[in-house]
Amino acid sequence: MNIDEANTTAVNRMMEARPILKAVATARDVIPGMKVNLFLHAGPPIEWARMSGPLKGAIIGAMLFEGVAASEAEATSMVERGEVEFDSCHHHGAVGPMAGVTSASMKVYVVENAEHGNKSFSNLNEGYGKVLRYGAYSDEVLKKLHWMNDVLGVALADALAASNGIDMRALMSEALHMGDEGHNRNKAGSLLYLRLIAPLIAKTMKDNAAMAEVLQFIGDNALSVLNPVMAACKAMTDAAHGVEGSTIVTTMARNGTDFGIRVSGLGERQWFTAPAEIPVGLFFSGFTQDDANPDIGDSAITETAGIGGFAMATAPAIVTFVGGTPKDAMNATLEMYEITFAESKFFTMPSLDFRGTPTGIDLRKVVELGITPRINTGIAHKNAGVGQVGAGLVRPPLGIFEQALLAYAEKYRL
Amino acid sequence: MTVVKWNVRAGAYYDSVVLMQLQRGLLGLPGVLDAGVVMATPANRDLLAANNLLPEVVTANPDDLLIVVKAESDASADDAIGKVDELLARRKSSTVSQDFRPRSLSAAVKQLPEANWVLISVPGRYAAGVAREALELNKHVFLYSDNVSLEDEIALKKAARDKGLLVMGPDCGTAIINGIGLGFANRVRRGSIGVVGASGTGTQAVTAHIHELGGGISHAIGTGGRDLKSDVGAITAHQALDALARDDETKVIVLISKPPSPDVATNLISAAQGTGKPVVIYFIGYPPPARKIGNLQFAISLSEAAEIAVNSNWELVSGQELPITNYYLRGLFSGGTLAYETLLGLQSFLSPIYSNAPITNYQLLEDPLHSKAHTIIDLGDEFFMVGRLHPMIDNDLRIRRMKQEAADPEVGMILFDVVLGEGSHLDPAGELVPVIKEIRDSRLEIEFVAMVIGTDDDPQNLQSQVSQLQDAGVTVFRTAAEAVEYISLRFSASKKNEFTHVNLDQLKQPLAAINVGLESFYDSLISQGAQAVHVEWKPPASGNEKMAALLARMKSKS
């Protein structure tokens, strides 16, 4: 076995994956193993008792949305009686931002990797304010979720059905040349998405008033494309998983309590976890660092695939997250080259002479240099339902990479 | 009353400049009388102890950051220790927007792909690893670090030689490449004198003096102090000599070392002869064979080496015939001092060489009756004198020994002296020539060299003695020094260098380098106008030895 060769295979599979946004469909119809009373969540698997406020809130909200419980109290007691199941989105080919809670009747994006054939899924983005993904479950939140499922979701499903799909890799590459890094900033990507989807919606939707609402919703939300982008990254990283001998990290995900990673050459369900850090960043007025929940969400899949915090050099508009100057943004990306195995063939950055983004986190380099991946992230309030309080930077605990290295040594008898 | 408090931070590596700033910051705090902030190496611990800043109970490893504060009170000391992080952070905030500093060599290479040189000054036990990485990236190495094992040095130098790369060091203090000083180097003008130095301060002294005398340096290549020991075999010095020999800008070469191993010295001197350029040699403490032999001049001090190099317009002599490389010399002397002087001269060129009258013990020929390898025999030695006349009077012993040597198929040259004067044999040439002719009838390839000592007033007739010998094909000299010069050239190993040549273009390009370790070396490169990148180096796996060992095992799998 040759580690570098294995990593070359893994990283090439990651880069050459061709994620195409094919459809929007109901979760239970498309997500493998999805069923009533199963609630998928972001990050590594976790039991109810250890879940953080935002994740608990999102699960209660999803139970209310599904109609399996009529109230918070009922939902909580059902959970405590063991009547519902939880599992990591990642065990089902899915990803979701923040709490990432996905339930059986929710509409989800379906992304297909045209190169290797694997599929991935992500729920629809709710926009800002009080939203389920930050643990809110008021009537207002549930009403919006129903509209998204019944109007927005159907419109997107019909529109995509009338197309050959949307090439997400091309969309992401273009957005990186327009000031997005693909994680915290998706303004350009969302507009590109709107440009591609709007004619299809116009073609398929009959009700003009509803169409206006749908287009307005997609256009207003600078995070509209985040979920398909995450699904695309998931399709890419899943394609890189399971390469014998590879030390490439194929998952980084947080559930609000733990940070977890998985590694290509190690087990499918072999997570290495440690308590998630609290992100450091800039806070919306009225909130402070003290309000922040520990790191949460599957969106670190973007960094795993070589964009997001790794592509900071191309997103000068959000440099305040990393210290304030474009040079700091440049340095952030240069630092990530230290721990990655390759440079992307498809995601390039004009500010670095079109150098490819740092791609394929190499466990060996992280441990050797003691440099952990940078993750750009939204920051959730620690209490359920308050919502996003800021955005900033977080890094996974170094210990989980050391754990993974030890497990690798054990598996491969080093 | 004074209080001493300390804080040990395991595995926290900081550049010394940072630590000095921290130390100064601590000293500025109220109530602090003294402070020491060091990586807890034995040397640094001694330093602290000397300043009464190292309570006996303190335990810390060389990789640990040790902070010691002496203050007027407990409170002041605690307060100072508590401010350490703040003081460290203060420096960071002022450097937030600086250029990216890579953490690994591979990232540095991407940042400065034109760099051909890597300067390494990390703690010794990590240095070989960094050097290996540099060689894998096809970079020349300037290895300032000491405490690198001999095995590592040999392995690194062999690997480098195979790739045509130089490993200057370990423990190499000085080099000047294409006008840019690496490590500790003086600012000297560029010129035509190349230096190969196994001694850092020696190289500094010579290059500085050359500059003072109006000369200049093409390149000064350091080798590290152990390069000229037998185990290493002067790998770097040979490469450096070869490079300077091929470099058009280098007209003269100076070779400096502390005492080399004799076998290594011999090979290196032969290589120096083979350069075809004037070479000034100063091996401190090593007996020079002569002042000047062919293209070589032997200096007796660093300053004299510089002086000779600057005034090096001497005429080069070279052996015209093909050298007799694969054969041995046998010298059969009647005069003890002549034998001794010849041995002294030739020991720098011929190896191994033996004698019944050795200069050093390992040259002793155990059985005077049987020569081996190169041999110088004093036939006037007591051993041969029992019941015999002295060989200056009686040629019998020498004739028989001459025949014995000629019967040895490995012998290519027979050297002998002819000492004329009162009391000596009246026609030594007349007795020796028939034997020489007889030998040359069967073995024409054996060359005869004679040194004839005498005057034209001597009873034997000097001129006739010389003519008889010359007519028989003997090469005749009148002094041992001339004979030594001639013989050394005849045996000079114009052996082809068997290694991959160092690429001269890389020496001639504007110097660009990657610095790993002491930041001051980086600053000095920049201030000399060289392109450089500084690697923010830390011990692998932050000093976690278990992880580092695991990573090392993984490297062998990739």
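Residues numbered from 1 in each chain as written. Chains lettered and ligands numbered in written order. Predicted model: local features only at pLDDT ≥ 70, side-chain atom pairs only at ≥ 80, totals over all residues.

A. Inspection of the overall build of chain A at higher detail. Along chain A, the regular secondary structure elements total 13 helices and 16 strands. Since a compact globule built from 414 residues should have a radius of gyration of about 22 Å, the 20 Å found for chain A is in line with a globular shape. With respect to the principal axes defined by its C-alpha atoms, chain A has extents near 55 × 50 × 45 Å. Residue burial in chain A is summarised as follows: out of 414 residues, 59% are buried. For chain A, contacts bridging at least 24 residues in sequence account for 74% of all contacts bridging at least 6. (Helix = DSSP H or I, 4+ residues; strand = E, 2+ residues; numbered from the N terminus. Rg over C-alpha atoms; globule rule 2.2 N^0.38 Å. Buried ≥ 20, exposed ≤ 12 C-beta atoms within 10 Å, placed from the backbone. Contact = placed C-beta atoms within 7 Å.)

B. Broad picture of helix α15 (residues 428-442) of chain B. Residue and element names in this part refer to chain B. Taking 1.5 Å per residue, 15 residues should reach 21 Å; α15 reaches 22 Å between its end C-alpha atoms and fits that length. Taken together, the buried positions of α15 are occupied by Pro428, Ala429, Leu432 and Ile436. Buried residues of α15, seen end-on, are gathered within an arc of 70° and therefore sit on one face of the element. Relative to its buried face, α15 has exposed residues pointing more than 90 degrees away, namely Pro434, Lys437, Asp441 and Ser442. The secondary structure elements touched by the buried residues of α15 are β18 (411-419), β19 (447-453) and α16 (462-471). (Expected span 1.5 Å × (residues − 1). Arc of directions from axis to C-beta.)

C. Here's a closer look at the domain arrangement of chain B. Residues and elements named next belong to chain B. For chain B, the assigned domains are domain 1 (3-93), domain 2 (105-310) and domain 3 (328-491). Its C-alpha centre places domain 2 at a distance of 39 Å from the equivalent point of domain 3. By residue number, the principal contributor to the side of domain 2 that touches domain 3 is helix α10 (residues 262-274), which donates five residues. The residue makeup of the side of domain 2 that touches domain 3, split by class, is six nonpolar, three polar and one charged. (Domains from an automatic or database assignment. Nonpolar A, V, L, I, M, F, W, Y, C, P; charged D, E, K, R; others polar.)

D. Representation of the domain arrangement of chain A within the structure. All names here are of chain A. Annotation of chain A at the domain level lists domain 1 (17-229) and domain 2 (241-411). The straight-line distance from the C-alpha centre of domain 1 to that of domain 2 is 22 Å. Counting residues at the interface gives 42 residues for domain 1, matched by 47 residues for domain 2. Taken together, the elements giving at least two residues each to the side of domain 1 that touches domain 2 come down to α3 (53-66) and α6 (168-176). Broken down by element, the residue count for the side of domain 1 that touches domain 2 peaks at five residues, all from α3. Considered class by class, the residues forming the side of domain 1 that touches domain 2 number 18 nonpolar, 17 polar and seven charged.

E. Quick look at the environment of Val167(B). Among the secondary structure elements, Val167(B) is positioned in strand β6 (residues 167-168). If we skip the residues at most four places from it in the chain, Val167(B) touches Ala131(B), Val141(B), Leu143(B), Leu156(B), Lys157(B), Ala160(B) and Thr236(B).

F. Examining the interface of chain A and chain B more closely. On the chain B side, the residues contacting the 23 residues of chain A number 19 residues. For the side of chain A that touches chain B, the secondary-structure elements that each account for two or more residues are α1 (3-16), α11 (326-337), α12 (363-369) and α13 (398-411) of chain A. Considering each element in turn, the side of chain A that touches chain B owes the most residues, six residues, to α11(A).

G. Spotlight on α16(B). Residues and elements named next belong to chain B. Where α16 is concerned, the buried positions are Gln465, Gln468 and Leu469. End-on, the buried residues of α16 take up no more than an arc of 95°, which puts them together on one face. Those residues of α16 that are exposed and aimed more than 90 degrees away from the buried face are Gln463, Ser464 and Asp471. Lining the buried residues of α16 we find β18, α15, β19 and β20 (475-477). Looking one or two places after α16, you find Gly473, whose phi comes out positive at around 90°.

H. A look at the nonpolar core. Grouped together as the largest cluster of nonpolar side chains are 280 residues, with contacts concentrated most on Ile120(B), Ala131(B), Val141(B), Phe142(B), Leu143(B), Ile281(B) and Ala305(B). Top contributing element to this core by residue count: helix α9 (residues 226-240) of chain A, with 10 residues. Those residues in contact with Ile281(B), other than ones at most four positions away along the chain, are Leu255(B), Ile269(B), Ala272(B), Leu296(B), Phe298(B) and Ala299(B). Leu22(B), Leu26(B), Leu54(B) and Ala77(B) belong to the second largest nonpolar core, which has 19 residues in total. (Core = buried A, V, L, I, M, F, W, Y, C linked by C-beta atoms within 7 Å.)

I. Inspection of the pairing of strand β7 (residues 174-177) of chain B at higher detail. All names here are of chain B. Burial of the side chains of β7 extends over both faces: Thr174 and Ile176 are buried on one face and Ala175 and Ile177 on the other. As defined by bridge partners, β7 adjoins strand β8 (residues 180-183) across four bridges and the pair is classed as antiparallel. Note that in β8 the partner of Ile177 across the bridge is Ile180. Counting the residues that bridge the hairpin from β7 to β8 gives two residues, and of these Asn178 lies at a positive phi of roughly 50°. (Pairing = 2+ DSSP bridges.)

J. The arrangement of the sheet that holds strand β11 (residues 280-283) of chain A in detail. Residues and elements named next belong to chain A. Here we have three strands laid out as an open sheet, ordered β11-β16-β15, and antiparallel in their pairing. Every interior strand has two partners, whereas the edge strands, β11 and β15 (375-380), have only one. Taken over all neighbouring pairs, the strand axes of this sheet differ in orientation by 30° on average, direction set aside. Direction of pairing for β11 relative to strand β16 (residues 388-394): antiparallel, over a ladder of four bridges. Within the sheet, the bridge partner assigned to Gly281 lies in β16 and is Gly392. (Axes fitted to C-alpha atoms, helices over the stretch in contact; angles between N-to-C directions.)

K. Region of the structure containing unusual backbone geometry. Each neighbour pair has its own omega, and for Gly169(B) with Pro170(B) the value is 5°, a cis peptide bond. The step from Ser351(B) to Pro352(B) runs through a cis peptide bond, and the omega angle for that step is -5°. For Pro352(B), the location among the structural elements is in the loop between α12 (336-346) and β16 (353-355). In this structure, Asp353(A) is a non-glycine residue whose phi angle is positive, near 55°.

L. How the structure looks around the packing of helix α9 (residues 235-246) of chain B against α10(B). All names here are of chain B. It is at 10 Å that the axes of α9 and α10 come closest, and there the two elements cross at 5°. Classified by the angle their axes make, α9 and α10 are roughly parallel. Contact residues: α9 offers Ala237, His238 and Leu241, while α10 offers Leu268, Ala271 and Ala272. (Parallel < 35°, antiparallel > 145°, perpendicular 65-115°, else oblique.)

M. Broad picture of the packing of helix α5 (residues 139-161) of chain A against helix α8 (residues 208-220) of chain A. Residues and elements named next belong to chain A. In contact at an axis separation of 10 Å, α5 and α8 are set at 85° when each is read in the N-to-C sense. The angle between α5 and α8 falls in the class roughly perpendicular. Touching Val151, Leu152 and Ala155 of α5 are Ala210, Val214 and Phe217, all from α8. In terms of residue class, the contact of α5 with α8 is built from six nonpolar, no polar and no charged.

N. Inspection of the sheet that holds strand β2 (residues 32-39) of chain B at higher detail. Residue and element names in this part refer to chain B. In spatial order, the strands read β1-β3-β2; together these three strands make up an open sheet with antiparallel pairing. Looking at which strands have only one partner, the edges of the open sheet turn out to be β1 (3-9) and β2. Taken over all neighbouring pairs, the strand axes of this sheet differ in orientation by 10° on average, direction set aside. Of the pairings in the sheet, the one linking β2 to strand β3 (residues 65-71) comprises seven bridges and is antiparallel in character. Looking across to β3, one finds that Met39 is bridged to Leu65. The sheet contacts of helix α3 (residues 74-82) involve β1, β2 and β3, and relative to β3 the element is tilted by about 150°.

O. Region of the structure containing the environment of Gln347(B). Residue and element names in this part refer to chain B. Along the chain, Gln347 turns up in the loop between α12 and β16. With 24 C-beta atoms counted inside 10 Å, the residue Gln347 sits in the buried group. In sequence terms Gln347 and Ala265 are 82 residues apart; their C-alpha atoms lie 9.4 Å from each other. Those residues in contact with Gln347, other than ones at most four positions away along the chain, are Pro289, Ile353 and Ile359.

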